[in-house]
Amino acid sequence: EVTQGDPGMAFTAGLLHDIGKVVLLKANPEHYRIILKRATDARTSPFDFEIVSHGFSHADVGAALLERWELPELLVQGVAFHHNFVNAGRSQVEAARIHLGNILAHGQEYPLATESLAYKTAFELLNLTPENFERCARRVTEHMSQVEQMCGLEGSRPSIYPPGVTVLEAIQKSTDFLAKKGEE
């Protein structure tokens, strides 16, 4: 759907954007499992829990690792800011791509992900329409279902998109829910 940019970079970013989670899990498995459990219970991304607990996130750790591996700066910064692409400077477009890919990849796990609140800005940066994103999200869901079926994992991931509810409607419901929680 997003034709601008390097497809190889997009593929690599898709594979590596959450590598910091692996590092955090390996460094302190018990503690990181607690963070993941809290995030799962709250139906949100672990990102905010990581910041509160460590003072840094998996995005920071992943970016540091990619920098150490001497990968391209655009990739490093895209990974560093994939939860906060608005502040990514000249890497903003790459970070927005990773951000939207992250929403698609984790939408079923973390339907109330707070980083999804910036999706309209990402659409503008990438010249996407809500309809393009919705179509892409449905294809991702279909492909994930096919892969789960091929691997014998059917039904292992809860779907946040009930029949007839679009991804954008689910994001809007999440946004409304979080706004109400913030008012309490």
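The rules we used
Residues numbered from 1 in each chain as written. Predicted model: local features only at pLDDT ≥ 70, side-chain atom pairs only at ≥ 80, totals over all residues. Heavy atoms only, no water. Salt bridge = Lys/Arg side-chain N within 4 Å of Asp/Glu carboxyl O. Buried < 20%, exposed > 50% of the residue type's maximum accessible area, 1.4 Å probe, protein only. Helix = DSSP H or I, 4+ residues; strand = E, 2+ residues; numbered from the N terminus. Polar contact = N/O pair within 3.5 Å; in protein donor to acceptor, adjacent residues only side chain to side chain.

**Section: the pattern of salt bridges**
Part 1 of the reasoning: If you walk through the whole model with that rule in mind, you get three salt bridges.
Part 2 of the reasoning: Among the ionic pairs, D18 bridges to K21, the shortest N-O distance being 3.5 Å.
Part 3 of the reasoning: Taking relative accessible area as the criterion, D18 reaches 12% and is therefore assigned buried.
Part 4 of the reasoning: Judged by its relative accessible area of 14%, K21 falls in the buried class.
Part 5 of the reasoning: For K37, the salt bridge goes to D41, with nearest N and O atoms at 2.9 Å. With K37 and D41 both in helix 3 (residues 29–42), this residue pair falls four residues apart, about one helical turn.

**Digging into the environment of R97**
Part 1 of the reasoning: The topology assignment puts R97 in helix 7 (residues 92–106).
Part 2 of the reasoning: By relative accessible area, R97 is classed as buried at 16%.
Part 3 of the reasoning: When the C-alpha atoms of R97 and G5 are compared, they prove to be 9.6 Å apart, with 92 residues separating the residues in sequence.
Part 4 of the reasoning: At 2.8 Å, the side chain of R97 and the side chain of E94 are in polar contact.

Read these as spatial facts, not as claims about activity.
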